[in-house]
Amino acid sequence: MDDNKEFQGYKGRALEILKRYDVHVWDKAEVETTRGHFSGKILPRAENTDDLHIVMKVVTGYNIGIDISTITSMQGERDPQPNFKVPEKEFPYTPGLPHVKLLGTGGTIASRLDYRTGAVIPAFSPGELFGAVPELADICNLETEKVFAVFSENMSPKEYLALANKIGDEVRKGIDGIVIGHGTDTLAHTATALTYMCQNLPMPVVLVGSQRSSDRPSSDAALNLMHAMTAAGHGDIAEVMVCMFGPTSDEYGFLHRGTRVRKMHSSYRSTFRTIGDTPLATISRKEGVRPIKEQYNARRHGKEREVEVITTLDAYKASVAAAKPNVTRIVPVFDDRVAILYYYPGMKPDVLDALIDRGYKGIVWNGTGLGHVNRGMFDAIQRATDAGIHQYMSVQTIWGYTHMFVYDTGRDLMARGIIPAANMLAESAYIKLGWALGLSHDREEVRKLMLTPINDELTPREPIDGYLVYQGGVPEVEEFVHKVHK
Ligand code: ASP
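The shown structure was predicted, so the numbers you read here are calculated from the model rather than taken from an experiment.

Taken together, the 5 strands give an open sheet; going across it, the order is E4-E3-E2-E1-E5, and neighbouring strands pair in antiparallel fashion. Each of the sheet's edge strands pairs with one partner strand only, and the pair in question is strand E4 (63-67) and strand E5 (71-77). Sheet twist, expressed as the average angle between the axes of neighbouring strands with direction ignored, equals 45 degrees. By the bridge criterion, 4 bridges tie strand E2 (residues 36-43) to strand E3 (residues 53-58) in an arrangement that is antiparallel. Note on E3: the bridge partner recorded for Gly 40 is Val 58. Together, E2, E3 and E5 form the strand contacts of helix H1 (residues 13-20), whose direction differs from that of E3 by roughly 65 degrees.

Among the secondary structure elements, His 256 is positioned in strand E14 (residues 253-257). Residue His 256 is classed as buried on the basis of its relative accessible area of 0%. Discounting chain neighbours no more than four positions away, the residues touching His 256 are Val 240, Met 241, Val 242, Val 261, Phe 272, Arg 273, Thr 274, Pro 279 and Leu 280.

Here we take up the sheet that holds strand E23 (residues 390-395). Taken together, the 4 strands give an open sheet; going across it, the order is E21-E22-E23-E24, and neighbouring strands pair in parallel fashion. The sheet terminates laterally at strand E21 (338-342) and strand E24 (418-420), the two strands that pair on one side only. Taking the axes of each pair of neighbouring strands and ignoring which way they run, one obtains an average angle of 30 degrees across the sheet. Two strands pair when backbone bridges link them, and E21 and strand E22 (residues 362-367) are joined in this way by 5 bridges, in the parallel orientation. Paired with Leu 341 across the strands is Trp 365, a residue of E22. Contacts from helix H12 (residues 443-451) reach E23 and E24, with the element oriented near 25 degrees to E23.

Analysis parameters
- Per chain, the residues get numbers from 1 upward, laid out in the order the sequence is written.
- In keeping with the predicted nature of the model, local features appear solely for residues at pLDDT of at least 70, side-chain atom pairs appear and are counted solely at 80 or more, and the whole-chain, interface and lining totals rest on all residues.
- Side-chain descriptors were evaluated using all non-hydrogen atoms of the structure, hydrogens and water having been removed beforehand.
- A pair of strands is considered paired only if DSSP assigns at least 2 bridges between the two.
- A helix here means a DSSP run of H or I that spans at least four residues, while a strand means a run of E at least two residues long, and both kinds are numbered starting from the N terminus.
- The axes are straight lines fitted to the C-alpha atoms, using for helices just the contacting stretch, and the angles between their N-to-C directions are given from 0 to 180°.
- Contacts between residues were defined by any pair of non-hydrogen atoms, one from each residue, lying within 4.5 Å.
- Note on exposure labels: buried denotes an accessible area under 20% of the residue type's maximum, exposed denotes more than 50%, and partly exposed covers the range between, all computed with a 1.4 Å probe on protein chains only.

This is the structure in structure tokens:
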């Protein structure tokens, strides 16, 4: 065992137990423990975990840690050539199929298990992708580019700007659709940013992720990718969208507008939901894109494509006023001195004072109920307004609108400079404020930009079927849940 590289520099107790039973890393093993029997493959222990467990990939595909003090016996069968690489194949070219560009940013969708650390790491390669999901070749001709390789908590305005410029380049080149592989945690933030930065697109831009990595049997990576490629290559909706699992089964996916979508469950595959509206469309391999919303920006089939890169307010206003149908606006601007303040009872004004002192330019409040914070914040809010900080109010309830005329708190807050952001999601308002401040710092101009919808980040009303949150306990809901929860 000493010559096993995976264990170099490591002399822990887990190693001793493997030695005692003559079991090796990568062996197919049967392990008896005081907690039951486990069969699976022994994995190298992560560098940064304790030496009191051995790690196994069990038949379900999950990795488990077994406390060595519970092990009563082990038996191992050697795997002569352990191979955990996804086979790489060259993506074939099929005349007649649409050309789709996949821009990889990282996240679980581009991940595999790293047997050195035991963690899921970003690893993106076009050949690997095709090797893993050969059906993609029936959908489109694919070109891929790894733009970043990060988990999505590391995405930031800098990356949004780079992606917006890349989309502009691809529009110019005449691509039929773009898919952006992205971690799910902040997928919606990037989708909303790209909606403001890439306007009047001639073809779809589809952001896709997966909740479970492709080495797990329940992975949603392949299906989400197939759906995203279908929507990007064949669909008629030319907007920035998020494509993820629809119901809990793999029957169909949803396409959500980038500005109204949110990750709503930390582990479910069907985690993305449109808030305050219905999803834009369903997507399946059999039926393609089926719009749910009647109004959307349709694909332009003509070859004529013009791209304007806009970085000033005057140029933006002129381009919007001109409304040339074939012109795509790329508006890659962002002032990152913006924050979201989530109000909690007992919040003290020093939190806001710190932002004022640090030169922040914009704050999106996420207030209680119809848009409230406590009275103790009032003076600091006035100070922030006097310092030129643009303040907007969104609601913690997630669904619904700000209504700041109802209670005196709302009126007092507006009198101190806070502007209600209607039914904009806090994240969407935050990104939009950073984008708007990239164009202007004039209070009235920023207000106009903020309150003029670009793609449904503000809607005039919430349809009755835009608020459906089912919980069990009553017969009609139980029946419904059991029907859809396969
Ligand atoms: N933490 C990961 C990310 O957002 C999760 C995922 O990809 O689903 O990058």
